[in-house]
Amino acid sequence: GQSPIDSSVVIVYFDNDAISKLGGLPLKRNYYALVVDALHELGAKVIGVDIGLSDPDREHPEYDNLLASIVKKSGNVVVSGYFQSLSDDTTLSIEANINDRVKKFAMGTCGPFALRQGHRLDAPYPELLGSAAGFGHTNLTEKFDVPLLIKVTNDQYLLCFGFAVAMAGLRNEQHASENILADTLFPVSGMPNFSK
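Structure report, in brief. (Residues numbered from 1 in each chain as written. Predicted model: local features only at pLDDT ≥ 70, side-chain atom pairs only at ≥ 80, totals over all residues. Heavy atoms only, no water.)

**Some remarks on the overall build of the chain**
Reasoning step 1: Helix and strand counts for the chain stand at 6 helices and 6 strands.
Reasoning step 2: Ordering the α and β elements of the chain from the N terminus gives α-α-β-α-β-α-β-α-β-β-β-α.
Reasoning step 3: In the chain, which comprises 196 residues, the proportion classed as buried is 36%.
Reasoning step 4: Nonlocal contacts in the chain, meaning residues at least 24 apart in sequence, comprise 74% of its contacts between residues at least 6 apart.
Reasoning step 5: On the chain, roughly 12,300 Å² of surface is accessible, and the fraction owed to carbon and sulfur atoms is 53%. (Helix = DSSP H or I, 4+ residues; strand = E, 2+ residues; numbered from the N terminus. Buried < 20%, exposed > 50% of the residue type's maximum accessible area, 1.4 Å probe, protein only. Contact = heavy atoms within 4.5 Å. Areas by Shrake-Rupley, 256 points an atom, 1.4 Å probe, with all protein chains shown as cover.)

Shown next, in the form of structure tokens:
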């Protein structure tokens with residue numbers, strides 16, 4: 001049967017008809033800027049943008065700049081990216097090319113945990129990533145699970161996109177209650193066991 005719609009979540013989806021009316025793929029990034037700006041003006045606590053925007057738009061750099069500036073102005077946008085591969089082999093070395101723009105979104109954790117390592121990160125173009133308030137991965141495992149954390153350096157981990165959006169929302173609410181992050185529990189399944 002039908003369940004009530006959660007009015008606290010808004011999902012904007014561009015279907016084939018909308019994409020066609022907007023000029024086809026790839027959509028110009030000024031459309032994304034308009035959507036982000038409209039959601040911000042309507043009072044969205046956090047805006048998650050799960051669109052592959054890794055390469056700069058060489059034909060329309062002004063739209064790249066517009067989107068990055070709107071994202072920065074909004075101050076509550078979480079963007080996504082993905083690792084081209086994951087490994088559970090702890091003998092593989094961690095990539096040294098994770099840049100500082102990504103590291104600012106990584107977190108430490110008490111451990112040790114057996115966490116998957118990410119390799120060859122496909123992140124948003126640098127200006128967009130530098131303007132975002134959060135960043136999370138969208139990887140799936142072979143069992144179609146979403147790893148909560150993926151190891152990006154020897155002691156830093158990147159949150160999954162959904163968790164990064166939830167954390168950004170809680171950080172925005174923290175102004176009302178200083179203890180909201182400390183008092184919030186997230187139910188998660190057990191940490192992965194990679195032993196054979």
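**Things to note about empty space enclosed by the protein**
Reasoning step 1: Summed over the entire model, instances satisfying the criterion amount to 1 cavity of 30 Å³ or more.
Reasoning step 2: Approximately 30 Å³ is the volume found for the largest cavity.
Reasoning step 3: Lining the largest cavity are Tyr 32, Val 49, Leu 53, Leu 67, Val 71, Val 77, Val 79 and Leu 128.
Reasoning step 4: Where the lining of the largest cavity is concerned, the elements lending two or more residues are α3 (61-74) and β2 (77-87).
Reasoning step 5: Partitioned by chemical class, the residues of the lining of the largest cavity number 8 nonpolar, no polar and no charged. (1 Å grid on protein atoms, 1.4 Å probe; cavity = no way out; pocket = protein on both sides within 12 Å on 5 of 7 lines; lining within 4 Å. Points joined across faces, edges and corners; volume = space filled by probe spheres on them. Nonpolar A, V, L, I, M, F, W, Y, C, P; charged D, E, K, R; others polar.)

**Concerning the packing of aromatic side chains**
Reasoning step 1: Throughout the structure, instances matching the rule amount to 2 aromatic pairs.
Reasoning step 2: Ring geometry for Phe 105 against Phe 135: centres 6.2 Å apart, planes inclined by 50°, an arrangement best described as tilted. Of this pair, Phe 105 sits in the loop between α4 (100-103) and β3 (117-122) while Phe 135 is found in strand β4 (residues 134-137), placing the two residues 30 residues apart along the sequence.
Reasoning step 3: Judged by its relative accessible area of 1%, Phe 135 is buried. (Phe/Tyr/Trp six-rings, centres within 6.5 Å; stacked < 30°, edge-to-face > 60°.)

**Digging into the environment of Leu 53**
Reasoning step 1: Inspection of the secondary structure assignment puts Leu 53 in the loop between β1 (47-49) and α3.
Reasoning step 2: Judged by its relative accessible area of 5%, Leu 53 is buried.
Reasoning step 3: In sequence terms Leu 53 and Leu 129 are 76 residues apart; their C-alpha atoms lie 9.6 Å from each other.
Reasoning step 4: Among all residues touching Leu 53, those that are not within four sequence positions of it are Arg 29, Tyr 32, Leu 67, Pro 124, Tyr 125 and Leu 128.

**Notes on the pairing of strand β6 (residues 156-159)**
Reasoning step 1: For strand β5 (residues 149-153) and β6, the ladder comprises 4 bridges, and the chain directions are antiparallel. The residue of β6 that forms the bridge with Lys 151 is Tyr 157.
Reasoning step 2: Counting the residues between successive antiparallel strands, the hairpin from β5 to β6 contains 2 residues. (Pairing = 2+ DSSP bridges.)

**What about helix α2 (residues 29-41)?**
Spacing of three or four residues puts side chains on the same side of an α-helix, whose turn is 3.6 residues.
Reasoning step 1: Between its first and last C-alpha, α2 extends 18 Å over 13 residues, near the 18 Å set by a 1.5 Å rise per residue.
Reasoning step 2: Arg 29, Asn 30, Tyr 32, Ala 33 and Val 36 are the residues of α2 that are buried. Down the axis, α2 shows its buried residues gathered within 150° of arc, on one side only. Residues of α2 that are exposed and angled more than 90 degrees away from the buried face: Leu 34 and Glu 41.
Reasoning step 3: Two residues or fewer past α2, Gly 43 is found with a positive phi of approximately 95°. (Expected span 1.5 Å × (residues − 1). Arc of directions from axis to C-beta.)

**What to know about the nonpolar core**
Nonpolar side chains in soluble globular proteins tend to be buried together.
Reasoning step 1: Within the largest apolar cluster, 27 residues are counted, with the highest numbers of intra-cluster contacts made by Leu 67, Val 77, Val 79, Leu 128, Leu 129 and Phe 135.
Reasoning step 2: For this core, the elements supplying multiple residues, two or more each, are α2, β1, α3, β2, α5 (126-131) and β5.
Reasoning step 3: Looking at this core, the element that brings in the most residues is α3, giving 4 residues. (Core = buried A, V, L, I, M, F, W, Y, C linked by side-chain atoms within 4.5 Å.)

Limitation: the analysis is restricted to geometry and does not speak to function.
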